[in-house]
Amino acid sequence: MHDGDTLHEKDGKANFDLIYNLEDPREYFNVLQEFGYSIPQHGQRLFSALLEARREKVGERPLRVVDICCSYGVNAALLKYETTLDDLYARYGSEELSSLSSEELAEADAAFYRERRREKALEVVGLDVARNAISYGISSEILDAGFAENLEEDEPSDALCRAVSGADLLSVTGGVGYISERTFERLLDCALGERTPWVATFALRWVSYEEISEALSAYGLITEKLEGHTFTQRRFTGDEEREYVLEELEKMGVETAGKEDEGWYQANFYLSRPADEAKVPVKKLLGL
Ligand SMILES: C[S@@+](CC[C@H](N)C(=O)[O-])C[C@H]1O[C@@H](n2cnc3c(N)ncnc32)[C@H](O)[C@@H]1O
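Residues numbered from 1 in each chain as written. Predicted model: local features only at pLDDT ≥ 70, side-chain atom pairs only at ≥ 80, totals over all residues.

1. Digging into the overall build of the chain
The condition that has to hold: Runs of E in the DSSP output that reach at least two residues are strands. Runs of H or I that reach at least four are helices, and both are numbered from the N terminus. We compute the radius of gyration from the C-alpha atoms alone; for a globule the expected value is 2.2 Å times N to the 0.38, where N is the number of residues. Three classes are used. A residue is buried when 20 or more other C-beta atoms lie within 10 Å of its own, exposed when 12 or fewer do, and partly exposed in between, with C-beta atoms placed from the backbone.
Along its length, the chain carries 12 helices and 10 strands. For the chain, whose C-alpha radius of gyration is 18 Å, the value lies close to the compact-globule estimate of 19 Å for 288 residues. Over its C-alpha atoms, taken along the principal directions, the chain stretches across nearly 50 × 50 × 35 Å. Scored against the burial criterion, the 288 residues of the chain give a buried share of 39%.

2. Comments concerning the packing of helix α1 (residues 26-34) against helix α4 (residues 85-92)
Cut-off, in case you're wondering: Between N-to-C directions, angles cover 0 to 180 degrees, with each direction set by a line fitted to C-alpha atoms, over the stretch in contact for helices. Note on convention: near helix rotated counterclockwise from far helix by under a right angle means a left-handed crossing. Clockwise means right-handed. Here, residue contact means that the backbone-derived C-beta atoms of the two residues sit within 7 Å. Classes in brief: Ala, Val, Leu, Ile, Met, Phe, Trp, Tyr, Cys and Pro nonpolar; Asp, Glu, Lys and Arg charged; the others, Gly included, polar.
For the pair α1 and α4, the least separation of the axes is 9 Å and the interaxial angle reads 115°. Both α1 and α4 take part in a crossing whose hand is left-handed. On the side of α1, the interface is formed by R26, F29, N30 and Q33, while α4 contributes L88, Y89 and Y92. Tallied by class, residues from the contact of α1 with α4 come to four nonpolar, two polar and one charged.

3. So, the site of the ligand
Under the convention used in this document: Being near a molecule or strand means, for a residue, that its C-beta atom, positioned from the backbone, comes within 6 Å of it.
With respect to spatial proximity, 20 residues lie near the ligand, and among them C69, S71, T173, G174 and Y178 are the closest. Breaking the shell around the ligand down by element, the ones donating at least two residues are α2 (39-58), α3 (74-80) and β4 (122-128). Residues belonging to the shell around the ligand are distributed by class as follows: 12 nonpolar, six polar and two charged.

4. A few points about the confidence of the model for the chain
Short version of the rule: Known as pLDDT, the predictor's per-residue confidence is scaled from 0 to 100.
This prediction gives the chain a mean pLDDT of 94; 95% of its residues lie at or above 70. Per-residue pLDDT stays below 50 along residues 1-6; that stretch engages in 10 contacts with residues further than four places along the chain or on separate chains.

5. Let's talk about the environment of P62
Along the chain, P62 turns up in the loop between α2 and β3 (63-68). Taking C-alpha positions, P62 is 5.1 Å from L122, a pair spaced 60 residues apart along the chain. When near neighbours in sequence (up to four residues on either side) are disregarded, P62 contacts A121, L122 and E123.

6. Examining helix α9 (residues 181-190)
As a reminder, the rule being used: Directions are taken from the helix axis to each C-beta atom, and the arc is the one they span.
Within α9, burial applies to T183, F184, L187, L188 and C190. Seen along its axis, α9 keeps its buried residues to an arc of 145°; they face one direction. Buried positions along α9 lie against β3, α8 (158-164), β6 (169-172), β7 (198-204) and α10 (210-217).

7. Notes on the environment of L216
Positionally, L216 belongs in helix α10. Sequence separation between L216 and R273 is 57 residues, and the spatial gap between their C-alpha atoms is 9.2 Å. When near neighbours in sequence (up to four residues on either side) are disregarded, L216 contacts F184, V199, L221, T223 and S272.

8. Details of unusual backbone geometry
Although it is not a glycine, C69 adopts a positive phi angle of roughly 60°. Along the polypeptide, C69 turns up in the loop between β3 and α3. Positive phi, normally seen in glycine, also occurs at E141, with a value near 65°. Checked against the element boundaries, E141 lands in the loop between α7 (131-139) and β5 (145-148).

9. Observations regarding α4
Each α-helix winds once per 3.6 residues, and so residues spaced three or four apart point in a common direction. Among the residues making up α4, those that are buried are L85, L88 and Y92. Seen from one end, α4 has its buried residues packed into an arc of 55°, which puts them on one side. Exposed side of α4, more than 90 degrees from the buried face: D86 and A90 are the residues found there. Buried residues along α4 sit against α1, α2, α3 and α5 (95-98).

Set out below in structure tokens:
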């Protein structure tokens with residue numbers, strides 16, 4: 001399923017770069033399934049609850065999500081269509097689809113998703129540095145629009161900026177650490193003068209969120225960490241990764257008993273909202 005190159009260690013953390021920019025998502029799902037990658041499933045639950053809350057305010061117009069580090073459109077698939085992460089693992093690992101070319105798979109996907117569209121109108125715009133993944137997200141119609149840009153290094157294109165202005169929610173799963181406050185600042189600059197989107201992210205517990213929440217506050221966004229809950233991201237790839245992460249967390253004074261020491265990366269959930277929209281605590285908003 002993967003070779004030594006796919007998973008060489010980088011700073012103690014396994015490196016999955018080789019599955020991020022392929023012609024289609026089969027290898028991505030096959031490799032990540034082996035490690036129980038599960039954060040997009042938590043994302044479906046929490047982001048959907050947030051979208052429900054936003055929908056009550058905005059009425060019938062379609063809501064717009066900008067999913068950052070969107071890959072092949074994983075969160076878009078889960079939010080726009082009646083499907084689960086397990087369904088996607090089963091689909092992209094299936095014998096039946098294994099002989100299709102990437103173009104044929106994109107066509108089959110477009111038909112598959114078209115039949116499963118959720119009733120409530122939602123547009124998902126994807127941003128990822130991986131050009132092939134974005135192309136697939138667009139050709140399979142999983143994404144409504146997609147941009148292969150790296151805002152850590154460059155200013156956003158005008159087209160991306162236009163797509164971001166008017167967004168209701170910026171979401172991230174599995175991406176904080178790859179992106180810093182710089183990406184959020186450049187996206188939020190696009191929304192200046194428009195409504196300010198909410199920002200909802202899952203970030204691994206060993207990754208500091210301080211710089212990002214500070215940067216968001218300059219745009220009038222108040223960040224709240226969901227207390228009392230952590231979310232499994234994936235299993236460690238082996239002892240080396242596990243020991244490294246446990247040591248790092250210990251240095252940070254984070255209690256790992258019953259969490260990472262069970263063999264899983266754990267993520268925190270953060271929600272940032274404009275002050276006047278942040279009256280209901282995140283826990284209550286999510287019904288947790
Ligand atoms: C672990 S994957 C997460 C993908 C997806 N959100 C999910 O949860 O399945 C991380 C993604 O971040 C993307 N990425 C890395 N650096 C980035 C950057 N500077 N800007 C945008 N995306 C980036 C990678 O290409 C990859 O698709």
